[in-house]
Amino acid sequence: MTKTKVLVTGGTGYIGAHTVVELENAGYEAVIVDNFSNSSRDVLDGIARIIGRNPLFFEADCADYESFARVFELCPDISAAIHFAAYKAVGESVEKPLDYYRNNLVSLLNLIDLMGRNERGSIVFSSSCTVYGQPERENLPVNETSPLQPATSPYGNTKRVSEEILRDCTISYKGKINVIALRYFNPIGAHPSALIGELPRGVPQNLLPYITQTAAGLRERLNVFGNDYNTPDGSCIRDYIYVCDLAKAHVSALDRLLDKSPEIPGGIEYYNLGTGVGISVLQMLELFKKATGVAVPYRIVERRPGDVEQVWADPSKANIELGWKADTPIEEVLASAWRWEKKIRGI
Ligand code: UFG
């Protein structure tokens, strides 16, 4: 039987690669498009070793219409797309806003154009909980009806504007474009095989890779950004979700889009992807020690400008409508992150 082909832009990135694996496990055929702007060619080998064959891959920049369009010519039977390809560093986006708007928005416009043109209108979009900013306390945990806040960085704004572009297009091209926007909380961990995982360039900006690199001896200690927040232990709270659980949600979203029975109201749906549990930075260090036996040295430093104090998800809409739940225990997730770090450092 021919498998349903799913375009995966940014399919060698952190979440993209894990999603390719889950798509293949679920019987879809992933068509990866990437230009390796923030990933490595080796990821394709990691994926191949997990799924047992080389994935379909095209090297192209989604922001370059001609080269992106070529993928559709070479692969005319693409049925749906999952769009990850985007820049994602908050701080860098403040330094280079034009790069962020150009890359993230032009790629999306090209994708909608090419998918709509070919009457292949099912798109799963990689969005972020950043669209909620710092929710009011009475709105925690945040659900999808919580008010959206003005973005605090150009990166965050590209997610907000992308959701709006997609909404407008589903209205204008009614029936031709159907979208599910997945609002990720904080993805962490690596595939249990330790063949794929997160590969931050330079000094990690995110908490977990910084913790694992410190545990591996690459960094002296973790800087905990603030212990004077209005939270039980004073450090910031996030909803950390296992990347493999997150990847599986994309398969569920795709199943829903491709299954004709549920009409997507207004052509677009939004889902929070989180665990529903908030964990503070200091709690994370304790959990990491429990899961791996490694005590990570740390010191408390100034707050990081622009940090949200606390946010975690109400994932019940995704639990009910997508039939999906993030249920991997945190110890297992942290052990996978550590296994991956040790593997890439040869420890
Ligand atoms: N943190 C530290 N020390 C570090 C790194 C992080 O204490 O070295 C703390 C942060 O202050 C924050 C928590 O760990 O409290 C999580 O920080 P991350 O940078 O890992 O994640 P953020 O929640 O700040 O950012 C993530 C994504 C962004 C996205 C944002 C949406 O990285 O892309 O969620 O809220 F925009």
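Here, the structure is the one placed above.
What you see is a predicted model, and the numbers here were worked out from it, not measured in a lab. (Residues numbered from 1 in each chain as written. Predicted model: local features only at pLDDT ≥ 70, side-chain atom pairs only at ≥ 80, totals over all residues. Heavy atoms only, no water.)

A. Quick look at the state of the cysteines. This structure, assessed with the given rule, holds zero disulfides. The closest cysteine sulfur to the non-disulfide-bonded Cys 62 is located on Cys 75, 14 Å from its own sulfur. For Cys 169, which is in no disulfide, the shortest distance to another cysteine sulfur is to Cys 62 and amounts to 16 Å. Using a relative accessible area of 14% as the deciding quantity, one classes Cys 169 as buried. (Disulfide = S-S within 2.5 Å. Buried < 20%, exposed > 50% of the residue type's maximum accessible area, 1.4 Å probe, protein only.)

B. Main features of the side chain of Ser 153. Among the structural elements, Ser 153 can be located in the loop between β5 (122–128) and α6 (154–172). Side-chain polar atoms of Ser 153 contact the backbone nitrogen of Gly 156, separated by 3.0 Å. (Helix = DSSP H or I, 4+ residues; strand = E, 2+ residues; numbered from the N terminus. Polar contact = N/O pair within 3.5 Å; in protein donor to acceptor, adjacent residues only side chain to side chain.)

C. Molecular detail of the site of the ligand. Neighbouring the ligand are 21 residues, the closest being Asn 206, Leu 207, Asn 223, Arg 238 and Asp 307. Asn 223 is positioned with one of its backbone polar atoms (N or O) 2.7 Å from a nitrogen atom of the ligand. Asp 307 has a polar side-chain atom sitting 2.4 Å from an oxygen atom of the ligand. Within the residue set of the shell around the ligand, elements represented by two or more residues are α7 (207–215) and β8 (222–225). (Near = heavy atom within 4 Å.)

D. Molecular detail of helix α1 (residues 14–25). For α1, spanning twelve residues, the distance from its first C-alpha to its last is 17 Å, which sits close to the expected 16 Å at 1.5 Å a residue. Listed in full, the buried residues belonging to α1 are Tyr 14, Ile 15, Gly 16, Ala 17, His 18, Thr 19, Val 20, Val 21, Glu 22, Leu 23 and Glu 24. Once α1 ends, the next one or two residues include Gly 27, with phi positive near 95 degrees. (Expected span 1.5 Å × (residues − 1).)

E. Just the nonpolar core, in detail. Residues Leu 23, Ile 47, Leu 182, Ile 211, Leu 222, Leu 273 and Met 284 are the most contacted members of the largest nonpolar core, which totals 65 residues. Those residues in contact with Leu 222 that sit more than four places away from it in its chain are Leu 207, Tyr 210, Ile 211, Thr 214, Val 281, Leu 285, Val 296, Pro 297, Tyr 298 and Arg 299. In this structure, Leu 105, Ile 112, Phe 125 and Tyr 270 belong to the second largest nonpolar core, which totals 30 residues. (Core = buried A, V, L, I, M, F, W, Y, C linked by side-chain atoms within 4.5 Å. Contact = heavy atoms within 4.5 Å.)

F. Quick look at the environment of Asp 77. Here Asp 77 lies in the loop between α3 (65–74) and β4 (78–83). We classify Asp 77 as partly exposed; its relative accessible area is 39%. Residues Asp 77 and Thr 4 lie 73 residues apart in sequence; the distance between their C-alpha atoms is 8.2 Å.

G. Summary view of the sheet that holds β4. Read across the sheet, seven strands follow the order β3-β2-β1-β4-β5-β6-β11 without closing on themselves; strand pairing throughout is parallel. Looking at which strands have only one partner, the edges of the open sheet turn out to be β3 (56–59) and β11 (268–273). Geometrically, the sheet is characterised by an average inter-axis angle of 20 degrees between neighbouring strands, direction not taken into account. Two strands pair when backbone bridges link them, and strand β1 (residues 5–9) and strand β2 (residues 29–34) are joined in this way by five bridges, in the parallel orientation. For Thr 9, the partnering residue across the bridge sits in β2 and is Val 33. Contacts from helix α8 (residues 243–258) reach β1, β4, β5, β6 (178–184) and β11 within the one sheet, and its direction differs from that of β6 by about 160 degrees. (Pairing = 2+ DSSP bridges. Axes fitted to C-alpha atoms, helices over the stretch in contact; angles between N-to-C directions.)

H. Quick look at the side chain of Glu 269. Mapped onto the secondary structure, Glu 269 falls in strand β11. A relative accessible area of 6% means that Glu 269 is categorised as buried. For Glu 269, the residues in contact, after removing those within four places along its chain, are Val 179, Ile 180, Ala 181, Arg 256, Ile 264 and Glu 321.

I. Examining the pattern of salt bridges more closely. Scanning the model with the defined rule gives 20 salt bridges in all. A salt bridge links Glu 73 to Arg 70, with the shortest nitrogen-to-oxygen separation between them at 3.3 Å. With Glu 73 and Arg 70 both in helix α3 and three residues apart, this pair spans about one turn of that helix. Put simply, Glu 269 and Arg 256 hold a salt bridge, and the shortest N to O gap is 2.8 Å. Here the residue Glu 269 occupies a position in strand β11, and Arg 256 occupies one in helix α8, the gap between them amounting to 13 residues. (Salt bridge = Lys/Arg side-chain N within 4 Å of Asp/Glu carboxyl O.)

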